[in-house]
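# Summary of structural features
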Amino acid sequence: MTETLFEALRLVVVVDYQLLAIVALSLRVSLSALAIGVLIGVPVGAAIAVQRFPGRGALIVVLNAMMGLPSVVVGVIVYLLLSRSGPFGEFGLLFSPAAMIFAQTLLVVPLIAAVSRQIVEDAWNDYAPELTLIGVRRWDAVVLLIADCRFSLSLAALAGLGRAMSEVGAVMIVGGNIDGFTRVMTTAIALETSKGNLALSIALGMVLICLILMLNALAYGLRCWALRRVG
Amino acid sequence: MFPLRVQGLAFRPERQTVLQDLDLDLSGDGISVILGPNGSGKTVLLRLLSGLLAPSAGRIDWNGRDQPNGRLAMVFQHPALLRLSVFRNVEFALAAQGGERAARHARTREVLERVGLAHRLDESARLLSGGERQRLALARAWALRPRMLLLDEPTASLDPSATEAVERIIREIRTDGAKILMTTHNLGQAQRLADDIVFLADGCVQEHVPVRRFFSQPQSPAARAFLQGELPWRIAFDR
Amino acid sequence: MANRIRSLMAGVGLGLGLTLAASLPLAAEETLVVASTTSTEQSGLFSWIIPRFEQASGIKVRIVAVGTGQAIDIGRRGDADVLLVHDREAEEKFVAEGFGTQRKDVMYNDFIFVGPKDDPARLAAAGGAQGAFKAIAASGQGFISRGDKSGTHAAELRLWKAAGIDPKALPGYKETGSGMGPTLNMAAAINAYTLADRATWGAFKNRRELVMVLDGDPALFNPYSVIPVNPARHPHVKARAAQQFSDWLTSDTGREAIASFRADGQQVFFPNSKK
């Protein structure tokens, strides 16, 4: 075990170009999925928080449950959708980074929407009487509350980022783990493990964890800086 | 909109009684201050008048109508200040009414000027002091040009100079043509601002008299006890 | 404030657009999707031969390495242009159903028995594949199966059948339902026997107490074939590039490239295409 760990550390220090390309692709795929996920998930969550409609309770339960959507299931569904024999086959997107972004977006949207819904609903419960009295329409309240809760909502985004960066099931199936094209950190780790290359797996794992840590530190720093300015 | 006539108003959520058989007549001028011990239903009365709560019984008559036909604004004890700039915290309220962008912006600047926040337009509302927050909340209500303004403890937990600033603004809003109905626990403030006092206890109006008369010759035993600083539970106990 | 939010939105939108644009395949470069097996990828064979093919043809190759069963399914759905797999029966069915144009032999490697160093079931003395399976059954020792409908799994099942044993009835028989690597990892973890292809074993690092205990029986012969996906079934496939790949693998250059590959210092793939 210690031997494996030392070997892993050596491999982390000897950063090679191939590893950088894999890291870059991981970031590109997961950050794209996150960006789309935030653009869809936050407004959807905020709208559910503020609006009242039949079936709302059931929708919230489903949304919360979908936070635990198995990534493999999403992978298989996206695989079947994007396959040449599937409904969107003509675009030829299977086994490409775009397919991976699509699959990860499906994974993070419910998570971001569910967390956003709770955050915005708490704020809405505080503000509802006053905003209603002022005459703010529900849809305008959605926009105002998103702006008001933007710092808390960054937590929803970070949760989404963590989910996207760490999942392996979906990207493995829809990306195909193609060397130099769709291989990301998690699928590389899975591959090295199955080759019995445990030291390299752990090295890659440490790089991935550091990466997620750095992104979170960055987000935290930004948040502190902004809070000092905005309060 | 005025006279405002409240008859037999009651509010009984889940078996407890907050207000019972409350009668009140208000003209469209001046500042009316609601006094009363904690739990006497002052805030509930403001919320019933604003329409945020529905009465269990009785009726509120705005010069023959169910609804006020002029604008009614309210400043809450803890105003909802969004994590946005001072300017936006006023502007969004105007935006909710529609109207032209340029006019909205001009009005926003105008009221912020009048409450002394013109130099802090782009700062975050969350960074304001307690007194500044209250001034901002008043500016937002004022911007809407209300015919009636409800204020729930506008100076609770403010220091004397901040209280003074808020009182000055309240007078200006009245001069601007708004009827003001406010609650307070500050008897000095009531004497400084009020034209008339509505004294609330036991869930109904015990007295509604001009301010001078209330403080010199309180009629009800509850009001006398209140002014002598006796504990509110005694009043309930004596009932 | 509103302006700041708006410019932020615009920034996010722009970034998004660029990312998506970058994700689209470049039209100029011809790419070929090869569905193949984990054994060929994990042994390192592809890293050895694919750059040579890419240089010779100017075609960019993308390998999707899965079990043979899944690789054939990918071909059936039209998601790959060409297959390089090892399950003769399934391959012939694939071509007969019209999904593939033509099956060509490329190379073979062989399966080997891997097991504990002290060889408690005495496989080394079993004399061949059938004897080995009988010895495992008789000794009650653990055996880890792929259980994933891969070429290796199919070969293993054929050998059990030939030995007249129903492996599911054996107490020590476990299916991992995963690739060769994870199966070897599990065999190493619980010190059990398994059937592996020589190439993956050659490149496998986490051996612990495992050694190769038996090889050399002709019954353990493991042939690989190349099959271009039929453009009549899937018009979008890159039939010309796929044919080029198939021709190159079975050409003298391709044969040499395969024969010169070494895993752990050993030749593990032997070209057997017809000249």
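Here the structure is a predicted model, which is why all the values come from computation and not from measurement.

Calculation criteria
Residues numbered from 1 in each chain as written. Chains lettered and ligands numbered in written order. Predicted model: local features only at pLDDT ≥ 70, side-chain atom pairs only at ≥ 80, totals over all residues. Heavy atoms only, no water. Helix = DSSP H or I, 4+ residues; strand = E, 2+ residues; numbered from the N terminus. Buried < 20%, exposed > 50% of the residue type's maximum accessible area, 1.4 Å probe, protein only. Contact = heavy atoms within 4.5 Å. Areas by Shrake-Rupley, 256 points an atom, 1.4 Å probe, with all protein chains shown as cover. UniProt positions renumbered as here; feature names shortened; annotations may be inferred. Expected span 1.5 Å × (residues − 1). Pairing = 2+ DSSP bridges. Axes fitted to C-alpha atoms, helices over the stretch in contact; angles between N-to-C directions. Patch = residues over 30% accessible without salt bridge, like charges linked within 9 Å, V, L, I, M, F, W, Y side chains within 5 Å. Salt bridge = Lys/Arg side-chain N within 4 Å of Asp/Glu carboxyl O. Phe/Tyr/Trp six-rings, centres within 6.5 Å; stacked < 30°, edge-to-face > 60°. Core = buried A, V, L, I, M, F, W, Y, C linked by side-chain atoms within 4.5 Å. Polar contact = N/O pair within 3.5 Å; in protein donor to acceptor, adjacent residues only side chain to side chain. Nonpolar A, V, L, I, M, F, W, Y, C, P; charged D, E, K, R; others polar. Lys, Arg positive; Asp, Glu negative; His and termini not counted. Parallel < 35°, antiparallel > 145°, perpendicular 65-115°, else oblique. Left-handed = near helix turned anticlockwise from the far one by under 90°.

### Digging into the overall build of chain C
- Of the regular secondary structure elements, chain C holds eleven helices and twelve strands.
- Counting over 275 residues, chain C shows a buried share of 52%.
- Long-range contacts, defined here as pairs at least 24 residues apart, represent 73% of the contacts in chain C between residues at least 6 apart.
- Accessible area for chain C stands at about 11700 Å²; split by element, carbon and sulfur atoms hold 55% of it.

### Regarding the UniProt feature "domain: PBP" (unreviewed entry) in chain C
- Here, UniProt's "domain: PBP" (unreviewed entry) annotation points to residues 30-252 of chain C.
- Helix makes up 40% of residues 30-252 of chain C and strand 25%, whereas the separation of the span's terminal C-alpha atoms amounts to 24 Å.

### Side note on helix α10 (residues 198-230) of chain A
- Its 33 residues place the ends of α10(A) 47 Å apart at the C-alpha level, agreeing with the 48 Å of an ideal helix rising 1.5 Å per residue.
- The complete set of buried residues in α10(A) reads A:Ala199, A:Ser201, A:Ala203, A:Leu204, A:Gly205, A:Val207, A:Leu208, A:Leu211, A:Ile212, A:Leu215, A:Ala226 and A:Val230.

### Digging into the sheet that holds strand β1 (residues 4-11) of chain B
Residue and element names in this part refer to chain B.
- An order of β2-β1-β4 is seen for the three strands of this open sheet, with the pairing classed as antiparallel. Strands with a single pairing partner mark the edges of an open sheet, and in this sheet they are β2 (19-26) and β4 (57-62). Neighbour-to-neighbour, the strand axes of this sheet turn through a mean angle of 15°, independent of strand direction.
- Pairing geometry for β1 and β4, over five bridges, is antiparallel. Bridged to Arg5 within β4 is Asp61.

### Focus on a nonpolar patch on the surface
- Where nonpolar side chains cluster on the molecular surface, the patch consists of A:Leu39, A:Ile40 and A:Val44 and spans about 210 Å² of accessible area.
- Tracing the chain through its elements places A:Ile40 in helix α2 (residues 17-50).

### A word on the packing of aromatic side chains
All names here are of chain C.
- Per the stated rule, a full pass over the model turns up 19 aromatic pairs over all chains.
- With a centroid separation of 6.1 Å and 5° between ring planes, the pair formed by Phe143 and Tyr173 is classed as stacked. With a gap of 30 residues between them, Phe143 in strand β5 (residues 143-145) and Tyr173 in strand β6 (residues 173-175) connect regions that are remote in the sequence. Judged on exposure class, the residue Phe143 and its partner Tyr173 are both buried.
- On the basis of an interplanar angle of 35° and a centroid distance of 6.4 Å, the ring pair of Phe261 and Phe269 is categorised as tilted.

### Some words on unusual backbone geometry
- Cis geometry is found at the peptide bond from B:Phe2 to B:Pro3, where omega equals 5°.
- Its identity as a non-glycine residue notwithstanding, C:Asp119 has a phi of 50°, on the positive side.
- Mapping C:Asp119 onto the fold places it in the loop between β4 (104-116) and α6 (129-139).
- Of note in this structure, C:Lys149 is not a glycine but carries a positive phi near 60°.
- The topology assignment puts C:Lys149 in the loop between β5 and α7 (151-162).

### A look at the UniProt feature "domain: ABC transmembrane type-1" (unreviewed entry) in chain A
- Summarizing the sequence annotation, UniProt attributes the feature "domain: ABC transmembrane type-1" (unreviewed entry) to residues 23-219 of chain A in the numbering used throughout.
- As a span, residues 23-219 of chain A carries 79% helix and 0% strand, and end to end its C-alpha atoms are 19 Å apart.

### As for the nonpolar core
- Formed by 94 residues in total, the largest nonpolar core has its most connected members in B:Leu112, B:Leu136 and B:Ile170.
- Per-element tally for this core: the top contributor is helix α5 (residues 97-134) of chain A, with ten residues.
- Apart from residues lying up to four places away in sequence, B:Leu112 is in contact with B:Val86, B:Phe87, B:Val90, B:Leu117, B:Ala118, B:Leu121, B:Leu136 and B:Ala139.
- Of all hydrophobic cores here, the second largest spans 35 residues; its members include A:Leu25, A:Ala103, A:Val184 and C:Val237.

### Digging into the interface of chain C and chain A
- Residue-level contacts link 31 residues of chain C with 31 residues of chain A.
- Our count for the contact surface shared by chain C and chain A stands at one salt bridge.
- One salt bridge in this structure joins C:Glu41 and A:Arg183, with 3.0 Å as the shortest N-O distance.
- On inspection of chain C and its partner chain A, the count reaches ten residue pairs in polar contact (both at pLDDT 80 or more).
- With eight residues, helix α1 (residues 2-23) of chain C is the largest single contributor of residues to the side of chain C that touches chain A.
- Class assignment of the residues belonging to the side of chain C that touches chain A gives a composition of 14 nonpolar, nine polar and eight charged.

### A look at the UniProt feature "transmembrane region" (unreviewed entry) in chain A
All names here are of chain A.
- Per the UniProt record, the feature "transmembrane region" (unreviewed entry) sits at residues 20-50, 57-82, 94-115 and 198-222.
- End C-alpha to end C-alpha, residues 20-50 measures 43 Å, and it is 100% helix and 0% strand.
- Taken as a whole, residues 94-115 contains 86% helix and 0% strand, while its terminal C-alpha atoms sit 30 Å from one another.

### Structural notes on the side chain of B:Lys42
All names here are of chain B.
- Within the secondary structure, Lys42 is located in helix α1 (residues 42-50).
- As a buried residue without a salt bridge, Lys42 has its nearest oppositely charged side chain in Glu153, at a separation of 4.7 Å.
- Polar contacts involving the side chain of Lys42 include one to the main-chain carbonyl oxygen of Gly36, which spans 3.0 Å.
- If sequence neighbours within four positions are ignored, Lys42 has contacts with Ile34, Leu35, Gly36, Pro37, Glu153, Thr183, His185 and Leu200.

### Re the environment of A:Arg223
Residues and elements named next belong to chain A.
- Turning to its location among the elements, Arg223 is positioned in helix α10.
- Classification of Arg223 by relative accessible area gives partly exposed; the value is 32%.
- Taking the C-alpha atoms as reference points, Arg223 and Arg150, separated by 73 residues in sequence, lie 9.8 Å from one another.
- Setting aside residues up to four positions removed in sequence, Arg223 forms contacts with Phe151, Ser152 and Ser154.

### Considerations on helix α2 (residues 86-96) of chain B
- Taking burial as the measure, the eleven residues of α2(B) include ten buried ones, the bulk of the element.
- All buried positions along α2(B) are accounted for by B:Val86, B:Phe87, B:Arg88, B:Asn89, B:Val90, B:Glu91, B:Phe92, B:Ala93, B:Leu94 and B:Ala96.
- On its buried face, α2(B) sits against α5 and α6 (138-148) of chain A together with α3 (101-114) and α4 (130-143) of chain B.
- Looking one or two residues beyond α2(B), the residue adopting positive phi is B:Gly98, at roughly 85°.

### Some details on the packing of α2(A) against helix α7 (residues 150-166) of chain A
Residue and element names in this part refer to chain A.
- At a closest axis distance of 9 Å, the pairing of α2 and α7 adopts a crossing angle of 140°. Taken together, α2 and α7 sit at an angle that is classed as oblique. Here α2 runs over α7; the crossing is right-handed. Every residue of α7 that contacts α2 at Ser26, Leu27, Ser30, Leu31, Leu34, Val38 and Val42 is listed here: Leu153, Ala157, Gly160, Leu161, Ala164 and Met165.
- Of the residues in the contact of α2 with α7, the class split is ten nonpolar, three polar and no charged.

### Description of the pairing of strand β7 (residues 193-197) of chain C
Residue and element names in this part refer to chain C.
- Most of β7 sits out of view: five of its five residues are buried.
- Side chains of β7 alternate between two faces, with Tyr193, Leu195 and Asp197 and Thr194 and Ala196 buried alike.
- Bridging between β4 and β7 involves four bridges; their strand directions are antiparallel. Considered in β7, the bridge of Phe113 is made with Leu195.
- Alignment of β5 against β7, held across two bridges, turns out to be parallel.

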